[in-house]
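Residue-level listing of the chains:
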Amino acid sequence: MGDDGVKNEAMEILGLFQLLPRLVVFDLDYTLWPFYCECRSKREMPKLYPQAKGVLYALKDRGVDVAIASRSPTPDIANAFLDKLGIKSMFVTQEIYSSWTHKTEHFERIHRKTRVPYNEMLFFDDEDRNIDAVSKMGVTSILVGNGVNLGALRQGLSNFSQNRSSSEKGKQKKSKKSSPSKTEDQ
Ligand SMILES: [Mg+2]
C-alpha cells in the first residue's frame, strides 16, 4: 500500500472516534524509522516505517498537531534525516536530546511550548520505560512493536478515548458529590 492508501485508511480510522487527541507525539528510533540514527551517517538516505508517513499526513489533515520526543544523542543526524524525508516542517515542536529522565523532561517542554494538557496528548514509543514514565504524567502512551502503523494508530485512538471518557466520568461523580442537591424538597 502506498502513502496515499495508508493515509486514506488512517483518515477512516480517525473518523471512527469522536474524541481525538490535540497533539500526537512520536519517538524517532524504532518508532518512525527502523534504526538508531546515531549508528548512521548523515549522507545516507533514510527510510521511515512503511505506514508512518501516511499516518502523519492523515493526522495533519484532520487538524491534529504532531511533535517529536526523542532521546537520540545525535540530534544533528536526526534533523538531517527529517529534512531529507521532507517531514521536518510537519512537527509543531521537536525535542531531540539525550536525557536521564525517561522523556518526562521532553514532555514538560512540549507542554510548556504547546500549552496542550497531558491528557489531550497521545504518545508512541518502542521502549516500555518511556511508556511507563510518560503515561504516569497523564499522557495516553502506546508501545509499538514494529513502528507506527495503522494498527498502532487505531489502538492509540481507542485507548485515548477510553482514558478521556473515564476521566470525564470521574469528574462528573466528583461534581455530583460536591454540589448540593436542589430538587429534593420541591
Ligand atoms: Mg525508540
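Residues numbered from 1 in each chain as written. Predicted model: local features only at pLDDT ≥ 70, side-chain atom pairs only at ≥ 80, totals over all residues.

Looking up the protein in an unreviewed UniProt entry gives the name Magnesium-dependent phosphatase-1, with the organism given as Erythranthe guttata.

### Thoughts on the overall build of the protein
Our working rule: Helix numbers and strand numbers start at the N terminus; a helix is a DSSP run of H or I with at least 4 residues, a strand a run of E with at least 2. As a rule, residues whose C-beta atom has 12 or fewer other C-beta atoms within 10 Å are exposed, those with 20 or more are buried, and those in between are partly exposed; C-beta atoms are placed from the backbone. Placing a C-beta atom from the backbone of each residue, one calls two residues in contact when those atoms lie within 7 Å.
Across its full length, the protein holds six helices and five strands. Of the regular secondary structure in the protein, the N- to C-terminal order runs α-β-α-β-α-β-α-β-α-β-α. For the protein, the spread of C-alpha atoms along the three principal axes comes to 75 × 40 × 25 Å. Across the 186 residues of the protein, 33% fall into the buried class. When contacts within the protein are restricted to residue pairs at least 6 apart in sequence, long-range pairs at least 24 apart make up 70% of them.

### Side note on the pairing of strand β1 (residues 23-26)
This is how it is decided: Paired strands, in this sense, are two strands between which DSSP finds at least two bridges. Here is how to tell: hold the view so the strands point away, follow the path from the first strand over the helix to the second, and if it runs clockwise the crossover is right-handed.
Along β1, one buried face is formed by Leu23 and Val25 and the opposite face, lined by Val24 and Phe26, is buried too. Pairing of β1 with strand β2 (residues 65-70) involves four bridges; the strand directions are parallel. Residue Val24 lies in a different strand from β2, and its bridge partner there is Val66. In terms of handedness, the path from β1 via helix α2 (residues 52-61) over to β2 forms a crossover that is right-handed. Where β1 lies against strand β4 (residues 121-125), four bridges are found, and the strand directions are parallel. Looking at β4, one finds that Phe26 is bridged to Phe124.

### Digging into helix α1 (residues 3-15)
To be explicit about the condition: Expected helix span is taken as 1.5 Å per residue step, with the number of steps being one fewer than the number of residues. Our arc is simply the arc of the directions from the helix axis toward the C-beta atoms.
Over its 13 residues, α1 runs 18 Å from end to end, which matches the ideal 18 Å to within 8%, given 1.5 Å per residue. Among the residues of α1, those classed as buried are Val6, Lys7 and Ala10. The buried residues of α1 occupy an angular sector of 100 degrees when the element is viewed end-on, so they sit on one face. Facing away from the buried side of α1 by over 90 degrees, the exposed positions are Asp4, Gly5, Glu12 and Gly15.

### Some thoughts on the environment of Ser99
Relative to the helices and strands, Ser99 is located in the loop between β3 (91-96) and α4 (104-114). Excluding residues that lie within four positions of it along the chain, Ser99 makes contacts with Arg71, Glu105 and His106.

### Brief notes about the sheet that holds strand β5 (residues 140-143)
So the rule is basically this: Inter-axis angles, ranging from 0 to 180 degrees, are taken between N-to-C directions of lines fitted to C-alpha atoms, where helices are fitted over the stretch in contact.
As summarised here, the arrangement of the five strands in space is β3-β2-β1-β4-β5, forming an open sheet in which the pairing is parallel. In this open sheet, the two edge strands, each paired with only one partner strand, are β3 and β5. For this sheet the average axis-to-axis angle between neighbouring strands, irrespective of direction, equals 15 degrees.

### Re the packing of α1 against α2
We count it as follows: Note that the term roughly parallel is reserved for angles under 35 degrees, roughly antiparallel for angles over 145, roughly perpendicular for angles of 65 to 115, and oblique for everything else. Two helices cross in a left-handed way if the nearer one is turned anticlockwise from the farther one by less than a right angle. They cross in a right-handed way if the turn is clockwise.
Closest axis-to-axis distance for the α1/α2 pair is 8 Å, and the angle between their directions is 50 degrees. On the basis of their axis angle, the class for α1 and α2 is oblique. Pair α1 / α2 crosses with right-handed handedness. Where α1 approaches α2, its residues Asp3, Val6, Lys7, Ala10, Met11 and Leu14 are matched on the opposing element by Lys53, Gly54, Val55, Tyr57, Ala58 and Asp61.

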